[in-house]
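What follows is the residue order along each chain.
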Amino acid sequence: MQAFHIQYRNTQGTLMRILNAASRRGLEMPYVQATPVDHEHAVTLLLEVSPKQIGQLCRDWNAIVDVTRVRAGVPFTVATHAASEWTTPHLPASVRVAANAATGASA
Amino acid sequence: MLKGSEIVLRCLRAEGVELAFGYPGGAIMPLYDALPDSGIRHVLTRHEQGAAFAAEGYARATGNVGVAIATSGPGATNLVTGIADAKMDSVPLVCITGQVRNAMIGSDAFQETDVFGLTLALTKWSRLVRSIEELPAVIAEAFHWARSGRPGPVVVDIPTDVLKAKTEFAGPIKFQPHPKPSDIHGDTTFTETLIALLENAKRPVALVGAGAKLAGAVEDLRELLAYLQIPTFATVHGLGAIPPDAPYYLGMVGMHGTRAANLALHETDLLMVFGARLDDRVTGDPSRFAPHARIAHFEIDPSQLDRVRACDLPVIGDLVETIPAFYSAVRRISLPDWTQWRAVACGADRAEPNARGLASPTIRFLDELFRHLPEDSVIVADVGQHQMWAAQRFRSSSPRGFITSGGLGAMGFALPAAIGVQLAKPNTTVVCVSGDGGFQINIQELATVKRLRLPLKMVIIDNKYLGMVRQWQELFYARNYSETDLSDNPDFVEVARAYRIYGDHLDEDAMVEVPVNNAVSGMLERFLRSPEPELLVFDCHPEANVYPMVPAGAALSEMIFEQE
């Protein structure tokens with residue numbers, strides 16, 4: 001299982017778009033928790049995914065208009081190098097993200 | 001005080017909208033009531049799918065945002081295929097749908113569908129407007145997202161009571177997006193890495209997609225590739241970006257690409273991708289795609305990276321910034337000598353066998369048709385065998401000269417899309433190339449063509465089959481032609497006549513003579529020069545196939561060819 005944390009502005013349909021990225025791949029969602037965080041919202045998902053899907057999902061979520069942060073691994077509240085955050089113009093290729101996430105984020 | 005409908009239309013005008021396509025109905029009636037005084041020209045299509053495709057055609061031809069309008073329920077659901085098409089092919093499209101009044105939403109009212117919900121997966125952004133006060137901000141935001149970054153479709157669903165309500169209107173507003181940590185800005189730090197890859201490459205190639213066109217970076221890309229002189233090929237949406245007579249240009253790549261392009265892509269050790277999302281029709285078997293290559297991927301949308309294979313160097317950003325940055329850097333180094341590789345990749349022995357078998361007359365017909373076209377003409381192709389034949393024979397260097405439904409592969413696209421293109425470019429020769437199957441999916445738009453007296457030239461390649469499906473049935477399903485027979489097609493010329501459009505037949509026997517005789521040549525010349533809409537039905541052999549072909553699941557190097 002892989003944990004994902006997605007922070008977003010709680011505008012119409014944004015949470016649905018986030019969940020759709022998983023459902024369109026036929027992924028089970030055994031754990032979904034959405035909560036307010038400061039002025040935004042965050043949703044935590046546990047998904048059974050392949051390393052390739054980790055990269056695909058993170059990029060899909062980042063492409064959603066009102067998503068502000070995406071992290072595969074530990075939550076935003078935990079400062080660690082072991083999580084992969086998608087905040088730079090040069091997003092790393094999925095292999096690098098997958099490797100990072102696998103070491104720091106298994107749930 | 002203005003009504004909601006008037007506010008919507010004023011906001012559309014403020015966004016530069018001069019033309020919209022649509023089909024009225026109950027919930028959207030207030031908008032149509034205000035339309036005549038809006039300054040926006042409305043084109044009534046005969047089906048909402050036609051409106052969406054026509055708006056797409058307009059957008060694809062101009063780069064501007066296309067607008068489609070429909071009512072609630074079935075009107076909105078009929079837009080869905082067009083919305084999905086725009087999503088796949090990165091077309092800026094704003095769809096405005098009427099909705100039942102606020103108090104009725106969720107009650108399964110007459111003509112109520114959850115349009116917002118059903119298009120969530122297909123749109124880049126969408127809103128169900130709940131109050132008249134939201135309208136200026138929603139319209140501004142809709143256009144921002146439709147045209148920014150990787151363009152795409154958006155939906156604005158407006159309840160009828162919001163359209164009827166009145167409020168003070170302070171004028172259109174400009175949308176200011178929230179800053180996002182991952183916002184993409186042109187970044188030039190990739191150049192050193194890419195130059196290092198290039199300096200070590202023995203067999204570099206370039207793959208050109210639609211991204212360079214969408215970014216307005218075609219000239220920059222041409223300059224770069226003319227400097228590098230490396231074997232270059234294009235996706236179906238990249239056609240026209242590179243002049244076809246460039247000595248390093250190998251044509252279209254992928255399932256029905258040229259032998260030279262597919263072999264070069266299979267052999268390369270450095271693949272530079274410029275604005276293409278590496279669709280499976282381009283890659284063949286992903287596990288054997290460019291097996292020896294390192295990949296540098298120029299792309300504005302990070303979600304398109306690594307979908308098929310992990311790239312070694314993602315170059316995220318607007319191609320209009322990243323390509324010049326790379327060109328500027330690469331000019332400062334001494335390039336390796338790739339003469340030998342270029343000679344191999346572009347050599348005459350890489351050309352595919354001439355044999356086209358039963359498709360030969362059709363290909364000769366398309367060659368002759370295209371030969372008569374002015375350079376700035378636009379071909380709008382539907383989906384199927386004729387689409388691939390047209391793409392293979394397209395020889396223009398007009399970047400927006402070949403328009404088709406590439407990602408979604410939506411049959412029925414061409415006729416309404418061509419209407420949008422012709423309206424966008426009234427003085428340009430626009431040729432709609434369809435199959436007999438696809439033409440019948442939106443055949444009702446002949447009425448739109450006639451009403452507008454568009455000088456559209458419509459060609460049907462009529463093989464009396466759903467030809468591409470039949471081809472697969474022939475090759476991979478033991479000739480079990482299940483439900484692909486269209487031998488009872490109507491007489492399309494008579495159908496056109498019923499719409500008061502002139503039509504004519506051309507039998508494939510007319511294309512046997514080489515060179516094509518003067519009578520046929522003259523016929524095509526007259527057809528293309530006519531100021532009126534015209535239809536030309538070309539009777540194609542029922543069992544003509546498109547070759548080369550990479551079978552599904554095969555590597556690009558495993559093309560099959562027509563047998564002599």
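The rules behind the values
Residues numbered from 1 in each chain as written. Chains lettered and ligands numbered in written order. Predicted model: local features only at pLDDT ≥ 70, side-chain atom pairs only at ≥ 80, totals over all residues. Domains from an automatic or database assignment. Contact = placed C-beta atoms within 7 Å. Buried ≥ 20, exposed ≤ 12 C-beta atoms within 10 Å, placed from the backbone. Helix = DSSP H or I, 4+ residues; strand = E, 2+ residues; numbered from the N terminus. Pairing = 2+ DSSP bridges. Axes fitted to C-alpha atoms, helices over the stretch in contact; angles between N-to-C directions. Parallel < 35°, antiparallel > 145°, perpendicular 65-115°, else oblique. Left-handed = near helix turned anticlockwise from the far one by under 90°. Nonpolar A, V, L, I, M, F, W, Y, C, P; charged D, E, K, R; others polar.

Q: Looking at this structure, I do not really get the domain arrangement of chain B. What am I missing?
A: Residues and elements named next belong to chain B. Split into domains, chain B comes out as domain 1 (2-167), domain 2 (191-350) and domain 3 (357-539). Computed from C-alpha coordinates alone, the two centres of domain 2 and domain 3 are separated by 30 Å. On the side of domain 3, 15 residues touch domain 2, which itself brings twelve residues to the contact.

Q: Would you mind going over the pairing of strand S1 (residues 2-8) of chain A with me for this structure?
A: All names here are of chain A. Burial analysis of S1 places seven of its seven residues in the buried class, the great majority of the element. Burial of S1 is two-sided: the residues Gln2, Phe4, Ile6 and Tyr8 facing one way and the residues Ala3, His5 and Gln7 facing the other way are all buried. Examined bridge by bridge, S1 and strand S3 (residues 40-47) share seven bridges and lie antiparallel to one another. If you follow Ala3 over to S3, its bridge partner there is Leu46. Pairing of S1 with strand S4 (residues 67-72), which is carried by five bridges, proceeds in the antiparallel orientation. In the sheet register, Gln7 faces S4, and the bridge partner there is Arg69.

Q: How should the packing of helix H1 (residues 14-23) of chain A against helix H2 (residues 51-63) of chain A be read in this particular structure?
A: When two helices pack together, their arrangement is given by the angle between the helix axes and the distance between those axes. Residue and element names in this part refer to chain A. As a packed pair, H1 and H2 sit with axes 10 Å apart at the nearest point and diverge in direction by 155°. As the angle between them shows, H1 and H2 are arranged roughly antiparallel. The way H1 lies across H2 gives a crossing that is right-handed. Contact with H1, carried on its side by Ile18, Ala21 and Ala22, involves Leu57, Asp60 and Trp61 of H2 and no other residues of that element. Taken together, the residues of the contact of H1 with H2 sort by class into five nonpolar, no polar and one charged.

Q: Could you clarify how one ought to interpret the packing of helix H9 (residues 191-200) of chain B against helix H14 (residues 319-330) of chain B in this entry?
A: Residue and element names in this part refer to chain B. At a minimum axis distance of 10 Å, the contact between H9 and H14 shows a crossing angle of 55°. It follows from the interaxial angle that H9 and H14 lie oblique. With respect to the hand of their crossing, H9 and H14 are arranged in right-handed fashion. Of the residues in H14, those touching H9 at Thr191, Leu194, Ile195 and Leu198 are Ala325, Phe326, Ala329 and Val330. The residue inventory of the contact of H9 with H14, partitioned by class, reads seven nonpolar, one polar and no charged.

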